[in-house]
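So the chains spell out like this:
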Protein chains: 2
Amino acid sequence: MKNAINLINKLANQFSKLPGVGFKSAQRFAYKVVDMKKSEADELIESILNVKNNVKYCEECGNFTDVSPCDNCKSVTDLKTICVVTLPKDVFTIEKIKDFKGGFHVLHGTISPLDGRGPDDIRIKELLTRIEKNNVEEVILALNPDVEGEATAMYISRLLKPLNIKVSKLAQGLSMGTDLDYADELTLSEAFNNRKLL
Amino acid sequence: MKNAINLINKLANQFSKLPGVGFKSAQRFAYKVVDMKKSEADELIESILNVKNNVKYCEECGNFTDVSPCDNCKSVTDLKTICVVTLPKDVFTIEKIKDFKGGFHVLHGTISPLDGRGPDDIRIKELLTRIEKNNVEEVILALNPDVEGEATAMYISRLLKPLNIKVSKLAQGLSMGTDLDYADELTLSEAFNNRKLL
């Protein structure tokens, strides 16, 4: 029995490395593995192996890909606009709106001195290289509207200003369909300051 | 890129079968796998395989084990008291208090007609067999104090009464260290009804 429990706890330890998973949840995951059919466990393992062996980051744009440079980067002949995002998952979020036809660039993080991440720790150098190589005309910063995101946006825009490139960031204001009551003060004040003439 | 995303989503699908994991969390787990070192992913896979191949349930007590019957069940020579719990993890919880020296019996569920689980779907028959075989004198029902737990306790106690066995359940009342203010009404009323003479 001791041996069984050691194996379960070892697995729980592995699971607890997943984001947002505490040891209690990790233990529940491990118990679930004991309960799983053999075929289900095999599928899980196969999926992990498939991702681990085939998915990497594109050396150009930084997005998930199975070949690098990715299909997107290879097919682009005329890259005039680049949308800069923090993480690969943000690419899917922006792709959902279907309005944007340019390329993406994934920074893989934000500048955050408190966490010891400076400009060299994220993919800013790669962004500059792509901008120069492709004569990019506009950079849209689609970073999260938090302290690190704003600081990173500020840093990049200062870098790009001398290159005569249009730099913009996503508008901040009220979410569609929300009630004024539920908007936080910062959002409300942004919405107020950026009011639009009708 | 499409291929990479398919692989990631496939893995997310597998992760979303873990208890309490929605698709968004499962996706974050899958992204984490992309980020992991190869060695970390290998450790995770090895742990899953180890649990899957070596951990099973003891055919006697129903607890986790690598050999069945488990060491506990094999070493017991005189089983006078059995503590009945819902799930294997409850065994560890009770073992923590170190006061209990008898054997355990894991039901692997509770009676819950709403979920289509009757007495035959949990390990009650096995409990009766063990009680007869070992001339058990006392059964302690350590089930959760919720509707299903109470119903299951009631069912088992009625089964065992004619066999002249002492059946008890864990006391309900105030938690140690809590403030009266924070106790819910049901708990408070149980504590009131079960008040203890000093």
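This report concerns the structure included in the present document. (Residues numbered from 1 in each chain as written. Chains lettered and ligands numbered in written order. Predicted model: local features only at pLDDT ≥ 70, side-chain atom pairs only at ≥ 80, totals over all residues. Heavy atoms only, no water.)

### Notes on the side chain of B:Glu138
Residues and elements named next belong to chain B. Tracing the sequence through the fold places Glu138 in strand β5 (residues 138-141). Separated by 3.5 Å, the side chains of Glu138 and Ser168 make a polar contact. Each residue touching Glu138, except ones within four places of it in the same chain, is listed here: Lys80, Thr81, Ile82, Ile165, Lys166 and Ser168. (Helix = DSSP H or I, 4+ residues; strand = E, 2+ residues; numbered from the N terminus. Polar contact = N/O pair within 3.5 Å; in protein donor to acceptor, adjacent residues only side chain to side chain. Contact = heavy atoms within 4.5 Å.)

### Comments concerning the pattern of salt bridges
Following the criterion strictly, the structure yields twelve salt bridges over all chains and no others. One salt bridge in this structure joins A:Lys169 and A:Glu150, with 2.9 Å as the shortest N-O distance. Here A:Glu150 lies in helix α7 (residues 147-160) and A:Lys169 lies in strand β6 (residues 166-169), a separation of 19 residues in the sequence. Overall, the relative accessible area of 42% leaves A:Lys169 in the partly exposed class. On the accessibility criterion, A:Glu150 (29% relative accessible area) is partly exposed. Between B:Lys133 and B:Glu60 there is a salt bridge, with the nearest N and O atoms lying 3.4 Å from each other. Remark: B:Glu60 occurs in the loop between β1 (56-57) and β2 (64-65) and B:Lys133 occurs in helix α6 (residues 124-134); sequence separation between them is 73 residues. Taking relative accessible area as the criterion, B:Lys133 reaches 56% and is therefore assigned exposed. Taking relative accessible area as the criterion, B:Glu60 reaches 24% and is therefore assigned partly exposed. Each member of the salt-bridge network shares a partner with another, and the members are A:Glu60, A:Arg130 and A:Lys133. (Salt bridge = Lys/Arg side-chain N within 4 Å of Asp/Glu carboxyl O. Buried < 20%, exposed > 50% of the residue type's maximum accessible area, 1.4 Å probe, protein only.)

### Considering the nonpolar core
Within the largest apolar cluster, 48 residues are counted, with the highest numbers of intra-cluster contacts made by A:Phe15 and B:Phe15. If you list the elements that add at least two residues to this core, you get α1 (2-15), α2 (23-35) and α3 (38-54) of chain A together with α1 (2-15), α2 (23-35) and α3 (38-54) of chain B. When residues no more than four places from it in sequence are discounted, the contact partners of A:Phe15 are A:Val21, A:Ala26, A:Phe29, A:Ala30, A:Val33, B:Phe15, B:Leu18 and B:Leu44. (Core = buried A, V, L, I, M, F, W, Y, C linked by side-chain atoms within 4.5 Å.)

### Remarks on the relation of the copies chain B and chain A
Mapping chain B onto chain A calls for a screw motion: a turn of 180° about the axis and a shift of 0.1 Å along it, with 0.1 Å RMSD after fitting. Taken together, the turn and the small shift mark the pair as related by a two-fold rotation axis. Every residue of chain B has its C-alpha some distance from the rotation axis, and the shortest such distance is that of B:Ile45, at 3.0 Å. (Least-squares fit on C-alpha atoms with pLDDT ≥ 70 in both.)

### Thoughts on the sheet that holds strand β4 (residues 103-106) of chain A
All names here are of chain A. Judged by pairing direction, the sheet is parallel, and its four strands sit side by side in the order β4-β3-β5-β6 without closing on themselves. The outermost strands of the open sheet, each flanked by one partner alone, are β4 and β6. For this sheet, the mean angle separating the axes of adjacent strands, direction not counted, is 25°. Pairing of strand β3 (residues 81-85) with β4 involves four bridges; the strand directions are parallel. Paired with Val85 across the bridge in β4 is Val106. Where helix α6 (residues 124-134) meets the sheet, its contacts fall on β3, β4 and β5 (138-141), and the angle it forms with β4 comes to roughly 155°. (Pairing = 2+ DSSP bridges. Axes fitted to C-alpha atoms, helices over the stretch in contact; angles between N-to-C directions.)

### A word on unusual backbone geometry
Following A:Ser68, the chain continues to A:Pro69 via a peptide bond in cis, the omega torsion being -5°. In this structure, A:Pro69 sits in the loop between β2 (64-65) and α4 (71-75). At A:Asn135, a residue that is not glycine, the phi angle is positive and equals roughly 50°. Position of A:Asn135 relative to the elements: it lies in the loop between α6 and β5. Residue class for A:Asn135 comes out exposed when judged on its relative accessible area of 56%. Of note in this structure, B:Asn164 is not a glycine but carries a positive phi near 60°. Mapped onto the elements, B:Asn164 comes out in the loop between α7 (147-160) and β6 (166-169).

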